[in-house]
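Summary of structural features
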Amino acid sequence: MHELSLCDDLLSQVVAIAQQHQAQSVESVTVNIGALAGIESSLLDTAFSILKAGTVAELAELIIHTAPVIVSCPYCNSQSEVAINNLLCPTCQSADTTLISGD
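Not measured: the values here are computed from a predicted model.

Quick notes on the environment of Asn-32
Along the chain, Asn-32 turns up in strand E1 (residues 28–34). Sequence spacing of Asn-32 and Leu-99 is 67 residues, and the spatial spacing of their C-alpha atoms is 16 Å.

Here you go:
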């Protein structure tokens, strides 16, 4: 479960930022996770609940936003949201797309 180590790193950053700003507590932590990131939101949430105990973020809520998969096509100059298993340009069907969001 790599979500546990990711969350540990995330909480280390949150604690460091809270210390820089002399915060007594953290109310929420918001993360954007791309649909292609390979991260299970429910596992990340569980890890956060476990690891936040005893930290400045102990009462914090984890807010998770999922970033859509968006590709850019150099042939028809379009940007489109696509399914995670189909990175073809939906306008011209080119396979030569560039991932803009979602990783």
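A word on the nonpolar core
Core analysis: the biggest nonpolar cluster contains 15 residues, and Val-26, Val-29, Val-31, Phe-48 and Leu-62 have the highest contact counts within it. Listed by contribution, the elements that provide at least two residues to this core are helix H1 (2–20), E1 and helix H2 (41–51). Ranked by the residues each element gives to this core, the list is headed by H1, at five residues. Ignoring anything within four residues of it in the chain, the contact list for Val-26 reads Val-14, Ala-18, Val-56, Ala-57, Leu-59 and Ala-60.

As for the sheet that holds strand E4 (residues 79–81)
Strand order across the open sheet formed by three strands is E4-E3-E5, with antiparallel pairing between neighbours. At either margin of the open sheet sits one strand with a lone partner, and together these are E4 and strand E5 (98–101). The average angle at which neighbouring strand axes cross in this sheet is 35°, direction not considered. Direction of pairing for strand E3 (residues 70–72) relative to E4: antiparallel, over a ladder of three bridges. Each bridged residue has a counterpart across the sheet, and for Ser-72 the counterpart in E4 is Gln-79.

What about the side chain of Ser-94?
With respect to the secondary-structure elements, Ser-94 resides in the loop between E4 and E5. Judged by relative accessible area, which is 12%, Ser-94 ranks as buried. Sequence-distant contacts of Ser-94, that is, excluding residues within four places in its chain, are made with Cys-73, Tyr-75, Leu-88 and Cys-89.

Parameters and conventions
- Residues numbered from 1 in each chain as written.
- Predicted model: local features only at pLDDT ≥ 70, side-chain atom pairs only at ≥ 80, totals over all residues.
- Heavy atoms only, no water.
- Helix = DSSP H or I, 4+ residues; strand = E, 2+ residues; numbered from the N terminus.
- Core = buried A, V, L, I, M, F, W, Y, C linked by side-chain atoms within 4.5 Å.
- Buried < 20%, exposed > 50% of the residue type's maximum accessible area, 1.4 Å probe, protein only.
- Contact = heavy atoms within 4.5 Å.
- Pairing = 2+ DSSP bridges.
- Axes fitted to C-alpha atoms, helices over the stretch in contact; angles between N-to-C directions.

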